[in-house]
Amino acid sequence: MTRRNKMESCLIYGSASLLGLVLLSPVLWLGIMSVSTTRDLTTLPLQWLPSEISFDNYAKLIGNVDNSTAESFLSALRNSLIVTITATTLSLLAAIPAAYSLSRLPGARRKSLLFIAIATFMMPPVALVLPLYSTMGALGLLNTHVALIAVYCGILVPFTTWLLKSNFDAIPMDLDEAPLIDGANRLQIIWHVTLPIAKPAVGAAALMAILMAWDEFFYALLFTNDIRAKTLPVAIADFAAGRVADYGLISAAGILATLPPVSMAYFLQKSLVSGLMSGSVKG
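In this text, all values refer to a predicted model and were calculated from it rather than measured experimentally. (Residues numbered from 1 in each chain as written. Predicted model: local features only at pLDDT ≥ 70, side-chain atom pairs only at ≥ 80, totals over all residues. Heavy atoms only, no water.)

Novice: Go over helix α6 (residues 125-138), please, and point to the residues and values.
Specialist: The periodicity of an α-helix, 3.6 residues per turn, causes residues three or four positions apart to be oriented the same way. Between its first and last C-alpha, α6 extends 20 Å over 14 residues, near the 20 Å set by a 1.5 Å rise per residue. In the stretch just after α6, G140 is the one whose phi turns positive, near 70°. (Helix = DSSP H or I, 4+ residues; strand = E, 2+ residues; numbered from the N terminus. Expected span 1.5 Å × (residues − 1).)

Here's what the structure looks like:
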């Protein structure tokens, strides 16, 4: 049994190490490209390790704010932060009471509303882009933060509602009865009873919403056209739009663009795991 357990442990850790290597290899190669010179990246045969480490690409993006490349990247970074944080906050403010209502209050129509919301979430973006573009154009909201925030809320609210609802189902309904008897209303119950218990679920929903909004490309590409509202995915794609792509610059931009969501994921990783798992077990 001891030998068998050791073999199982070796297989588990070996498989985990192999999986980690496969997942981290693209990121590692992106980091190597970001500190390589153009000569190293265009030499044949390809050099896997740079002959010299250069941080010029990072300096072009964040060092000198007077050049157009840095202005475009920093403006896109600011736009992404504004749009992502605002859309996530508004989506959670709408999704929390909606999820509580679907989980706690009786009514078959509420269940059907949840399925309709999920159905709209699953629709391909290309099916919605024309009416959305026409609406935003009629309202004069194209190339603004408001347009992206509104569209992202339409994407995030159904998803976060569904995720939070499954977690609220795992919280015993008996916990709501005592505050109701004492005269508390539903909003007070949500704030003082449900949310403290469901903090991991809210953290997981917030993190997933942030990642979805941060990485969204299709609507941001169509609804923006300059640095006033263009987000990071579109700005990075613009770096490759010329005749000659600067692979080192694109790689550096990719590394910098991953830092904010990776930092959030690192601090919220416990909430992500426990929040996603708690909804699969009834309390």
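Here the narrative resumes.
Novice: Can you explain the environment of A252? Please cite residues and give values.
Specialist: Locating A252 in the fold gives a position in helix α13 (residues 247-267). Between the C-alpha atom of A252 and that of Y58, which follows or precedes it by 194 residues, the distance is 6.0 Å. Ignoring sequence-local partners within four residues, the contact set of A252 consists of S34, N57, Y58 and L61. (Contact = heavy atoms within 4.5 Å.)

Novice: Tell me what's going on with the confidence of the model for the protein, and back it up with residues and numbers.
Specialist: When the pLDDT values of the protein are averaged, the result is 84; 89% of them are 70 or greater. Looking at the elements of the protein, mean pLDDT is at its lowest for helix α14 (residues 269-278), recorded as 58, and at its highest for helix α11 (residues 218-223), recorded as 94. (pLDDT = per-residue confidence, 0-100.)

Novice: An account of the pattern of salt bridges is requested, with residue identities and associated values reported.
Specialist: Overall, the coordinates contain five salt bridges when judged by the stated rule. Between K165 and D169 there is a salt bridge, and its shortest N-O distance comes to 2.9 Å. Each member of the pair, K165 as well as D169, carries the same accessibility label: buried. Taking the shortest distance from any N to any O, the salt bridge between D226 and R228 comes out at 2.9 Å. (Salt bridge = Lys/Arg side-chain N within 4 Å of Asp/Glu carboxyl O. Buried < 20%, exposed > 50% of the residue type's maximum accessible area, 1.4 Å probe, protein only.)

Novice: I'd like to hear about empty space enclosed by the protein, residue by residue, with values.
Specialist: One pass over the structure, following the stated rule, counts one cavity of 30 Å³ or more. In this structure, the largest cavity encloses a volume near 30 Å³. Around the largest cavity, the lining residues are W29, I32, S36, D40, L41, Q47, W48, L49 and P50. Mapped by element, the contributors of at least two residues to the lining of the largest cavity are α1 (2-34) and α2 (38-42). Grouping the amino acids of the lining of the largest cavity by side-chain chemistry returns six nonpolar, two polar and one charged. (1 Å grid on protein atoms, 1.4 Å probe; cavity = no way out; pocket = protein on both sides within 12 Å on 5 of 7 lines; lining within 4 Å. Points joined across faces, edges and corners; volume = space filled by probe spheres on them. Nonpolar A, V, L, I, M, F, W, Y, C, P; charged D, E, K, R; others polar.)

Novice: Now, about the packing of aromatic side chains: what can you tell me, with residues and values included?
Specialist: Within the structure shown, the criterion is met by six aromatic pairs. Pairing W29 with W48 gives two aromatic rings, centres 5.2 Å apart and planes at 55°, and the pair type is tilted. Of this pair, W29 sits in helix α1 while W48 sits in the loop between α2 and α3 (56-63), placing them 19 residues apart in sequence. Among the residues examined, W48 registers a relative accessible area of 59% and is labelled exposed. Between F159 and W162, the aromatic rings sit 6.2 Å apart at their centres with planes inclined by 40°, giving tilted as the arrangement. Highlighted residues: F159 and W162, both in helix α7 (residues 145-168), separated by three residues, approximately one helical turn. Overall, W162 belongs to the partly exposed group, its relative accessible area being 43%. Cluster of aromatic residues (ring-pair linked, three or more members): Y133, F218, Y219 and F223. (Phe/Tyr/Trp six-rings, centres within 6.5 Å; stacked < 30°, edge-to-face > 60°.)

Novice: Residues and numbers for the packing of helix α4 (residues 68-104) against helix α10 (residues 199-215), please.
Specialist: Between two packed helices, both the angle of their axes relative to each other and the distance between the axes serve to describe the pair. Across the interface, α4 lies against α10 with an axial gap of 9 Å and an inter-helix angle of 140°. Here α4 lies oblique to α10, going by the angle between them. Along this stretch, α4 crosses α10, giving a crossing that reads as right-handed. Residues L77, S80, L81, T84, T88 and L92 of α4 lie in contact with α10, whose contacting residues are A205, A206, A209, I210, A213 and W214. Broken down by class, the residue content of the contact of α4 with α10 amounts to nine nonpolar, three polar and no charged. (Axes fitted to C-alpha atoms, helices over the stretch in contact; angles between N-to-C directions. Parallel < 35°, antiparallel > 145°, perpendicular 65-115°, else oblique. Left-handed = near helix turned anticlockwise from the far one by under 90°.)

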